[in-house]
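These are the residues of each chain, in order.
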Amino acid sequence: MIRTLLLIFALLFLCGPVLAEETVCLQCHGGQEGRLGAPVGRWQTSVHAANGISCHDCHGGDPTDFALAMDPGKGFLGAPAYTDVPAFCGRCHLGVREDYAASAHGMALESGGPQCVVCHGNHAVQKASIDLINEQNCSRCHSYERAAEVRAAISQTEASLQQLEKQIEGLHRVGIDTEKIKGQLFAGRNDFRRLFHTVKIEKMKAETAGFTSRLDKIEAQIVAIEDKLSQRKMIGGLVVLLLVVGGCIAMLIRKSYHEEE
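My aim in this report is to walk through the structure given alongside it, one point at a time. All values reported here derive from a predicted model rather than from experimental measurement. (Residues numbered from 1 in each chain as written. Predicted model: local features only at pLDDT ≥ 70, side-chain atom pairs only at ≥ 80, totals over all residues. Heavy atoms only, no water.)

It is at 11 Å that the axes of helix H11 (residues 145-173) and helix H12 (residues 179-198) come closest, and there the two elements cross at 160°. With respect to their mutual orientation, H11 and H12 come out roughly antiparallel. Relative to H12, H11 is oriented so that their crossing is left-handed. In this structure, H11 contributes Ile154, Thr157, Glu158, Leu161, Leu164, Glu165 and Ile168 to the contact, and H12 contributes Ile181, Lys182, Leu185, Arg189, Phe192, Arg193 and Phe196. (Axes fitted to C-alpha atoms, helices over the stretch in contact; angles between N-to-C directions. Helix = DSSP H or I, 4+ residues; strand = E, 2+ residues; numbered from the N terminus. Parallel < 35°, antiparallel > 145°, perpendicular 65-115°, else oblique. Left-handed = near helix turned anticlockwise from the far one by under 90°. Contact = heavy atoms within 4.5 Å.)

Attention now goes to unusual backbone geometry. Residues other than glycine seldom take positive phi values, yet Val199 does so here, at roughly 45°. Checked against the element boundaries, Val199 lands in the loop between H12 and helix H13 (201-260).

It is worth spelling out the pattern of salt bridges at this point. Overall, the coordinates contain seven salt bridges when judged by the stated rule. Here Glu98 and Arg194 are joined by a salt bridge, their closest N and O atoms 3.6 Å apart. Taken together, the residues span a long stretch of sequence, with Glu98 in helix H7 (residues 94-101) and Arg194 in helix H12 at a distance of 96 residues. Given the relative accessible area of 52%, Glu98 is considered exposed. The salt bridge involving Arg194 is made with Asp99; its shortest N-O contact spans 2.6 Å. In this pair, Arg194 sits in helix H12 while Asp99 sits in helix H7, placing the two residues 95 residues apart along the sequence. Judged by relative accessible area, which is 12%, Asp99 ranks as buried. (Salt bridge = Lys/Arg side-chain N within 4 Å of Asp/Glu carboxyl O. Buried < 20%, exposed > 50% of the residue type's maximum accessible area, 1.4 Å probe, protein only.)

Here we take up a negative patch on the surface. There is a patch of like negative charges on the surface, built from Glu135, Glu145, Glu149 and Glu202. Following the sequence through the fold, Glu149 ends up in helix H11. Residue Glu149 is classed as partly exposed on the basis of its relative accessible area, which comes to 42%. (Patch = residues over 30% accessible without salt bridge, like charges linked within 9 Å, V, L, I, M, F, W, Y side chains within 5 Å. Areas by Shrake-Rupley, 256 points an atom, 1.4 Å probe, with all protein chains shown as cover. Lys, Arg positive; Asp, Glu negative; His and termini not counted. Charge placed at Lys NZ, Arg CZ, Asp CG, Glu CD.)

Bringing the state of the cysteines into the picture now. Within this structure, the stated rule accounts for zero disulfides. In this model Cys58 remains outside any disulfide bridge; the closest cysteine sulfur is found in Cys92, 6.4 Å from its own. Residue Cys92 is classed as exposed on the basis of its relative accessible area, which comes to 65%. (Disulfide = S-S within 2.5 Å.)

Let us now look at the nonpolar core. Core analysis: the biggest nonpolar cluster contains 25 residues, and Ile133, Ile154, Leu185, Phe192, Ile218 and Ile222 have the highest contact counts within it. Secondary-structure elements contributing two or more residues to this core are H11, H12 and H13. With eight residues, H11 is the single largest residue contributor to this core. (Core = buried A, V, L, I, M, F, W, Y, C linked by side-chain atoms within 4.5 Å.)

Two quantities define a packed helix pair, namely the angle between the axes and the distance from one axis to the other. For the pair H7 and H12, the least separation of the axes is 7 Å and the interaxial angle reads 25°. Taken together, the axes of H7 and H12 are roughly parallel relative to one another. Pair H7 / H12 crosses with right-handed handedness. Contacts between H7 and H12 involve Gly95, Val96, Glu98, Asp99 and Tyr100 from the former and Arg194, His197 and Thr198 from the latter. Here the residues of the contact of H7 with H12 sort into two nonpolar, three polar and three charged. (Nonpolar A, V, L, I, M, F, W, Y, C, P; charged D, E, K, R; others polar.)

Take the packing of aromatic side chains next. Counted under the stated rule, the structure contains two aromatic pairs. Pairing Phe192 with Phe196 gives two aromatic rings, centres 5.7 Å apart and planes at 80°, and the pair type is edge-to-face. With a gap of four residues between them, Phe192 and Phe196 both fall in helix H12, about one helical turn apart. The exposure class of Phe192 is buried, given its relative accessible area of 0%. For the ring pair Phe192 and Phe211, a centre distance of 5.3 Å and an interplane angle of 70° mean the geometry is edge-to-face. You can see Phe192 sitting in helix H12 and its partner Phe211 sitting in helix H13, a full 19 residues away along the chain. The ring of Phe88 has Arg91 lying over it, and the distance from NZ or CZ to the ring centre is 4.4 Å. (Phe/Tyr/Trp six-rings, centres within 6.5 Å; stacked < 30°, edge-to-face > 60°. Lys NZ or Arg CZ within 6 Å of the ring centre and 35° of its normal.)

Encoded structure:
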């Protein structure tokens with residue numbers, strides 16, 4: 001029993017969030033006030049921090065040396081200009097960058113159209129979700145009607161994605177190896193969310209059926225695993241019941257034996 005508990009704790013530790021290491025960037029800016037220190041606190045709440053993405057991964061420089069932290073020779077880029085942000089973020093988010101560039105937003109960039117941080121923020125970037133498409137955000141630039149259509153077009157598939165994520169997390173908590181199926185959902189989710197950046201309602205509606213089919217296959221795998229778990233629980237329950245009944249019978253036999261004596 002003790003060995004089992006230790007194994008569970010070890011798995012939880014190994015599979016927990018990937019924490020970003022303490023770099024000289026964080027040490028220096030974390031001790032400052034105002035605009036120089038603010039990004040650290042915001043970044044600490046971000047999806048980037050939760051996944052081990054730190055300052056130097058975006059801004060470059062040497063994160064281990066104070067003297068070289070902002071050295072262009074070490075790849076330091078600093079803060080990008082407004083119109084350079086899509087290319088800046090697109091170094092990691094390649095597919096999204098392509099779809100954004102071809103969209104109405106991307107084509108309006110040079111004339112002040114929205115780019116990545118307008119919707120997602122810069123240092124306090126949160127996990128992407130359908131909640132980013134809301135009247136408060138979208139009406140800063142235009143009326144909400146078209147954005148509401150976009151949200152409606154993707155809402156059902158997005159709800160399915162979130163439900164599957166919860167189911168996979170539930171399987172992971174009981175010790176099931178979910179890496180393969182989690183990877184399938186991750187790929188499907190990323191491909192689907194690329195559609196957001198096209199802001200083309202017709203394209204979203206046309207391609208949603210394909211994503212629904214992909215999610216149905218993933219759901220079928222999850223259901224199969226859950227059925228096996230249910231069967232194991234049932235068998236385990238029967239075994240326990242038989243042991244209890246067997247124990248009771250043994251006690252009755254023993255009691256009868258002592259009474260005869």
